[in-house]
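# Tertiary structure, described
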Amino acid sequence: MNKMMLKIITIVAVSLMLSSCVGEEPNDIGYITALGIDKAEDGYNYTIQFANPTKISGGASESGGTGGDIVENLVVEAPTVYAAISHADSIVSKDLSLSHAKIIVISEEIAKEGLSEITDVVARNNDIRPDIYIAIAEDAGEYLEGVKPVVELNPVKYYQLTYENKKGGPVPQNNAGEFYMAYTSGDRDCALPLAGVAGGEKEKSDTDAGTGEEGSQDQSPSENDKNKNAKPVENGFGSGTKNYMPGEAGVQVKNKSETMGIAVFCGDTYIGRLGSSDADIYNILMGEISNSKATFYDEYNPDTPITMSLEEKRAPQFEIDRENKKVLIKLKLEAELLSIPKKHKNSPAIDIRAGEMVDRATEDFLHRVYNGMGSDLLGIRGKFKRFFLSNQKYREYVKTFDPKEWQFEVSTELRIKRTGMTYYY
Amino acid sequence: MLTNKQLSSIIINAIVVKMLVTFPRNIFVYCANASWLTAVYVTAIAFGLFIVIQKLYPSKENVIALADRIGGRGIRIITGIAVFAVLALNFVSIVRVFPAVIRLVLLQKTYVEIIGTIFVLVVIFGASCGIEAIARVQQLFLPVAGVVFGAFLLMLIPDMNFGYLMPVFGNGVKSILVDGLSALSVFADLLILNILLPRIKDSDTYKKSGRKAILFGGACAVLIFFFYGACYSYPASTEFIVPVYQLERLINLSDFFSRLEALFQFIWSISIFLYSALYGAVLAEVWRDTFGLRHSKPLIAPIVIGLVGIAVIPESLNDLLHFEGIINRWLYIPAFIIPLIIGVIYKLFHVKQSEKSE
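What follows is about the interface of chain B and chain A. Every contact between the two is made by 30 residues of chain B and, on the other side, 28 residues of chain A. Approximately 2300 Å² of surface area, both sides summed, lies buried where chain B meets chain A, with 42% of it carried by carbon and sulfur atoms. The largest contributions to the chain B side of the interface with chain A come from Pro167, Arg249 and Arg259 of chain B, which together make up 28% of the buried area. On inspection of chain B and its partner chain A, the count reaches one salt bridge. For the salt bridge of Glu261 of chain B with Arg129 of chain A, the shortest nitrogen-to-oxygen distance reads 2.7 Å. Considered class by class, the residues forming the side of chain B that touches chain A number 15 nonpolar, nine polar and six charged.

Here it is in structure tokens:
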């Protein structure tokens, strides 16, 4: 009997302890979705963007909010991120948490001085996930203020869909974990996405924005001017498209934020920016594209671009000649014709010419990045590791490695599948 | 009596538990990305040493019993204290590190003192249930832990970069062969197998379970070092206190399964509880045998609480980890030397006695 009573008491006691949250209820927590860091006169300006649960679909309003209603921004001047959150905690009723933060946007001014301290915080913080994104913007706070998702009612999902493009797309596919690993190991230099805002545009009414027309072409004059700054691509690959920097595409109305282009780093220091077409090339060289749409110039049909869906059939292969400091990169791409003028259906050897355009575009990209900027984005020095038996010998070699001395040749094998519902011959 | 499976289960668990906490980092500091090679190397050495040691011990007599036969009470007490010290030092850091890790991963709002107190109470309770009971639970639990461990490694494959494992010899051949010897400390728990000899049916069971434990435990150690080295490049790999937890954080199956570390830590926690309970019980038995006492159960609580007292001496967790690093660097020497010396002396003593009797 006593044993039975003991069992019952134990079960009841355990059940009571497991029945609910101990400590903080989820409703009491304010989830930070994004963090912007800009330089201030004394310390940093932290833009803390947190989710507004009453406006998120399924929240208290049930119908969800519109535009930028789903997030709130708060700017705090503080020496560190923790000091900023602590300060913000006294302003916002909820207890702010970084556990669902999806992106950290850092201003170019800070990035030029080095990101090691910030990425160290990310790596050592238990709340922040290692796959959080880092983006570079001219003004981080302005970018976050400009984020007003229209068709997405979950701010975390918005950032995820924007920065985690499985098809490659106009931004490099690197996150904080990869950046941290790249600069601590010294095996390669890293590239991060560029973010920006389409500037000088008059606000559209909330009613219009609520229709979810994210792709509207209603642009203000100033936005069109900015759009004109982007230079068209001239190397055949990406023919007719412009090499946009963030803020130059200007196709959004309500949502002014844009994410395109590459922030190029050397170690942890930001050294320059490249456009959206360059990001496409970068993703090809990193083996990170699938079903990515690319436009090609055809000399037999100079007025009409040819669009293909590109897929990487094999990871890029690197043949490195250490003595002569030359690298031969072999790409194997498979493409599907998406649009081709009818009169040029029998355009001869289009596969070879498209491959040559990829060669030219990638070689041009590598020349600008390696010989111009001096950044080892492909991690050529990391690929030498296998030639050394110990870290010490490898480190000694790396000290003498200068990206500017290296020459690249790219050989692309591009095969057009010509499948689909249209007969091409 | 402990069966072959029960015995191998508890020793495999004891070896692997160290790998789940702070041990891998200490090895990465010396051997860098070649730590997995170091693990292969020390597993081979441990296997060889075990083959030698197991030949020296007769059935049902452990190192303390042999010490008694060699030199009577005095040698027995000296040997017993040495064995107790080795086991206590091997276990002491877990008492403090484990509650800290649990707080970090599972119970962030709970005071570490509360987690530590519950941990100690559970260890005392588990140890009081006896070694046979722990072994039976361990036998049931090990296949579950094995499946979870296998799934854990599979989910890490997308995050691996084999380039991080180069240069193949890490910080050099010397670092593997000389500094890497400290990784032998992961097999210090083989001393428990020796202590449990009186509970083993015959010497064949002792030999089989010991070999199995070294091979399985060694394989797990090699896999953890290999995956950690391939997911975190050197020197970033030396910056994290609990490498296995860092690996868990990389796993992201989808939006709904992006924080699987809590599940893994839950499973590892059961392993650590079983390991700690085993240590509580074994330490009490060693103390009993050393001083010729009748019972070991009343000793469990004072011993565990005493170890907690030692574990909280270092001011911070970092100080404790520094202390643990020093211990792990040298612990393998007494852990293998004590049973080896006592075994060799006993053999010589035994041969002399047989010659006299002839």
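The structure having been displayed, the exposition proceeds.
To continue, consider helix H4 (residues 116–124) of chain A. All names here are of chain A. Within the sequence span of H4, burial applies to Ile118, Thr119, Val122 and Ala123. All buried residues of H4 lie within an arc of 140° about the axis, which places them on one face of the element. Residues of H4 that are exposed and point more than 90 degrees away from the buried face comprise Glu117 and Arg124. Lining the buried residues of H4 we find strand E1 (29–39), strand E5 (103–107), helix H3 (108–113), strand E6 (133–137) and helix H7 (176–185).

Residues and elements named next belong to chain A. Tracing the backbone shows Thr412 in strand E13 (residues 407–416). Of note is the side chain of Thr412, whose polar atom sits 2.5 Å from the side chain of Asp359. Sequence-distant contacts of Thr412, that is, excluding residues within four places in its chain, are made with Leu331, Leu333, Gly355, Val358 and Asp359.

Our next topic: the packing of helix H1 (residues 4–20) of chain B against helix H11 (residues 261–291) of chain B. All names here are of chain B. Close contact between H1 and H11 brings their axes to 9 Å; oriented N to C, the two are set at 120°. One element, H1, and the other, H11, form an angle in the oblique class. The chirality of how H1 crosses H11 is left-handed. Across the interface between the two elements, Ile10, Asn13, Ala14, Val17, Lys18 and Leu20 from H1 touch Trp268, Ser271, Ile272, Leu274, Tyr275 and Leu278 from H11.

Turning our attention to the packing of aromatic side chains. All names here are of chain B. A full pass over the atoms with the stated rule returns 37 aromatic pairs over all chains. Arranged with centres 5.9 Å apart and planes meeting at 45°, the rings of Phe28 and Phe225 form a pair that is tilted. With Phe28 in helix H2 (residues 23–31) and Phe225 in helix H9 (residues 203–231), this pair connects stretches of sequence that are 197 residues apart. Here Phe28 matches Phe225 in class, with each residue buried. Seen from the ring of Tyr30, Arg329 lies directly overhead, with NZ or CZ sitting 4.0 Å from the centre. Sitting over the face of the ring of Trp330, Arg329 holds its NZ or CZ atom 5.8 Å from the ring centroid.

Attention now goes to the confidence of the model for chain A. When pLDDT is averaged across chain A, the result is 77; 75% of the residues are at 70 or more. Considering only residues more than four positions removed or in separate chains, one finds that residues 200–226 of chain A, a stretch of pLDDT under 50, has 44 contacts.

Residues and elements named next belong to chain B. Its location among the elements puts Ala67 in helix H4 (residues 63–105). Ala67 sits 13 residues away from Gly80 along the chain, and the two C-alpha atoms are 8.5 Å apart. Excluding residues that lie within four positions of it along the chain, Ala67 makes contacts with Gly72, Ile75, Arg76, Thr79 and Ile342.

Definitions and limits used
- In every chain, residue numbers begin from 1 and rise along the written sequence.
- For naming, the first written chain is A and the first written ligand is 1, with later ones following in the order written.
- Thresholds applied to this predicted model are a pLDDT of at least 70 for local features of residues and 80 or more for the giving and counting of side-chain atom pairs; totals over whole chains, interfaces and linings are not thresholded and use all residues.
- Heavy atoms from the whole structure form the basis of all side-chain values; hydrogens and water molecules are not counted.
- We call two residues in contact when some of their heavy atoms are within 4.5 Å.
- Two parts placed together each lose some accessible area under a 1.4 Å probe, and the buried area is that loss summed for both.
- Just to be clear on terms, a salt bridge is a Lys or Arg side-chain nitrogen sitting within 4 Å of an Asp or Glu carboxyl oxygen.
- Charged means Asp, Glu, Lys or Arg here, nonpolar means Ala, Val, Leu, Ile, Met, Phe, Trp, Tyr, Cys or Pro, and polar covers whatever is left, Gly included.
- Whether a residue is buried, partly exposed or exposed follows from its accessible area with a 1.4 Å probe, protein chains only, as a fraction of its type maximum: under 20%, in between, or over 50%, in that order.
- The way it works is that DSSP assigns letters per residue, a run of H or I at least four long becomes a helix, a run of E at least two long becomes a strand, and they are numbered from the N terminus.
- The arc in question is formed by the directions pointing from the helix axis toward the C-beta atoms.
- Contacts described as polar in this section are N or O atom pairs within 3.5 Å, which, within protein, must combine one atom able to donate a hydrogen with one able to accept it, while residues neighboring in sequence count only if both atoms come from side chains.
- Note on geometry: axes are lines fitted to C-alpha atoms, helical ones only across the stretch in contact, with angles between N-to-C directions running from 0 to 180 degrees.
- For this classification, under 35 degrees means roughly parallel, over 145 means roughly antiparallel, 65 to 115 means roughly perpendicular, and everything else is oblique.
- It is the rotation of the near helix from the far one that decides the hand of a crossing: anticlockwise by less than a right angle makes it left-handed, clockwise makes it right-handed.
- Pairing of aromatic side chains requires ring centres within 6.5 Å, counting the rings of Phe and Tyr and the six-membered ring of Trp. Pairs whose planes differ by under 30 degrees are stacked, by over 60 edge-to-face, and all others tilted.
- Lysine and arginine charges are scored as sitting over a ring when NZ or CZ, respectively, is within 6 Å of the ring centre and within 35 degrees of the ring normal.
- As a per-residue measure, pLDDT reflects the predictor's confidence and takes values from 0 up to 100.

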